[in-house]
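An overview of the molecular structure
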Amino acid sequence: MADGRIFVGGGHNGGAHIGLPTGNIFDPSNDTWSTTANMSFPRWYPTVTTLADGRELVLVGETSCPGCEVTTPEIYNPSTNSWTKLTTATHYFDYYPHVFTLTDGRVFVAASTEHPNASMMLNLTTNTWSAFGGPAIEGGSSAMYLPGKIVKCGKTVDPDETATPSTTATYVIDTSQAGATWRAVQSMAFPRAYHTLTLLPDGTVLATGGGP
């Protein structure tokens, strides 16, 4: 969070695919946890993203069964300890969307981890999604290496489906350019799935882990 505390949205209550509506905040200054007001929806495996104004955007998460993803985003405001449902911004994303806050306040979903998804842009002024980046392409992990510039590479994988070979393919996009689409660049040396991309201090991106 903007003040250095750590926000955790949703969770798992012990039953299969059963989500929790809770929000929790860890304060590293005194090693304590506190709870927030509940979300409107229970969510297991949601993605949480800090917005430019310090609020927290929560996307997807399962409610009570396999594939029962929440399609309505919610935003937590730490100043008021309250949630807002974005009822005009409903959209289905597969597990673990890769979400980035852009310098102009928009939110970009570059990919998701389990299946190729067409990337989407959320306008928080109108609370609406629009397609951005062209057709769905692979990208098992993503990173923003410069403001508004995203790289994604490797294979998306659903562990419940038949295994398929990983890929070395790598793509970049500049979200500051109107009508930009994903552009193929030099591939990785090794095919990867279940890997992690990490931004380094010099602006390069490190790929670690993963397998063929």
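This report concerns the structure included in the present document. As the structure is a prediction and not an experimental result, all values here were calculated from the model.

With antiparallel pairing, four strands are arranged side by side in an open sheet as 8-9-10-11. The sheet is open, and its two borders are formed by strand 8 (97–101) and strand 11 (128–131), each paired with just one other strand. This sheet shows a mean twist of 25° between the axes of neighbouring strands, independent of strand direction. Here five bridges tie strand 8 to strand 9 (residues 107–112), and the two strands are oriented antiparallel to one another. Within the sheet, the bridge partner assigned to F100 lies in strand 9 and is F108.

Tracing the chain through its elements places A111 in strand 9. Judged by relative accessible area, which is 4%, A111 ranks as buried. Placed 73 residues apart in sequence, A111 and N38 show a C-alpha to C-alpha distance of 27 Å. Setting aside its immediate chain neighbours within four residues, A111 contacts Y96, P97, H98, G139, S142 and K152.

Here the focus is the state of the cysteines. This structure, assessed with the given rule, holds one disulfide. Disulfide pairing places C65 opposite C68 at an S-S distance of 1.5 Å.

Turning our attention to the environment of T87. Checked against the element boundaries, T87 lands in the loop between strand 7 (82–85) and strand 8. Overall, T87 belongs to the exposed group, its relative accessible area being 54%. As a C-alpha pair, T87 and V70 span 17 residues in sequence and 11 Å in three-dimensional space.

The next point concerns the side chain of T175. Within the secondary structure layout, T175 lies in the loop between strand 14 (170–174) and strand 15 (183–185). For T175, a relative accessible area of 2% corresponds to the buried category. Filtering out sequence-adjacent residues up to four positions away, T175 remains in contact with L102, R106, F108, M121, F132, G148 and I150.

A cluster of nonpolar side chains, contributed by I6, V8 and W33, occupies part of the molecular surface with about 300 Å² of accessible area. On the secondary structure map, I6 appears in strand 1 (residues 6–9). Since its relative accessible area comes to 44%, I6 is described here as partly exposed.

Further remarks concern the sheet that holds strand 4 (residues 47–50). Hydrogen bonding along the main chain pairs the strands of a sheet, whether they run parallel or antiparallel. Spatial ordering of the open sheet is given by 4-5-6-7, a layout of four strands whose pairing is antiparallel. Only two strands of the sheet have a single neighbouring strand rather than two, namely strand 4 and strand 7. Taking each pair of neighbouring strands and ignoring which way they run, the sheet shows an average axis angle of 25°. One ladder, built from four bridges, connects strand 6 (residues 74–77) with strand 7; its direction is antiparallel. Counterpart to Y76 in the pairing with strand 7 is W83.

Rules behind the numbers
- Residues numbered from 1 in each chain as written.
- Predicted model: local features only at pLDDT ≥ 70, side-chain atom pairs only at ≥ 80, totals over all residues.
- Heavy atoms only, no water.
- Pairing = 2+ DSSP bridges.
- Helix = DSSP H or I, 4+ residues; strand = E, 2+ residues; numbered from the N terminus.
- Axes fitted to C-alpha atoms, helices over the stretch in contact; angles between N-to-C directions.
- Buried < 20%, exposed > 50% of the residue type's maximum accessible area, 1.4 Å probe, protein only.
- Contact = heavy atoms within 4.5 Å.
- Disulfide = S-S within 2.5 Å.
- Patch = residues over 30% accessible without salt bridge, like charges linked within 9 Å, V, L, I, M, F, W, Y side chains within 5 Å.
- Areas by Shrake-Rupley, 256 points an atom, 1.4 Å probe, with all protein chains shown as cover.
- Salt bridge = Lys/Arg side-chain N within 4 Å of Asp/Glu carboxyl O.

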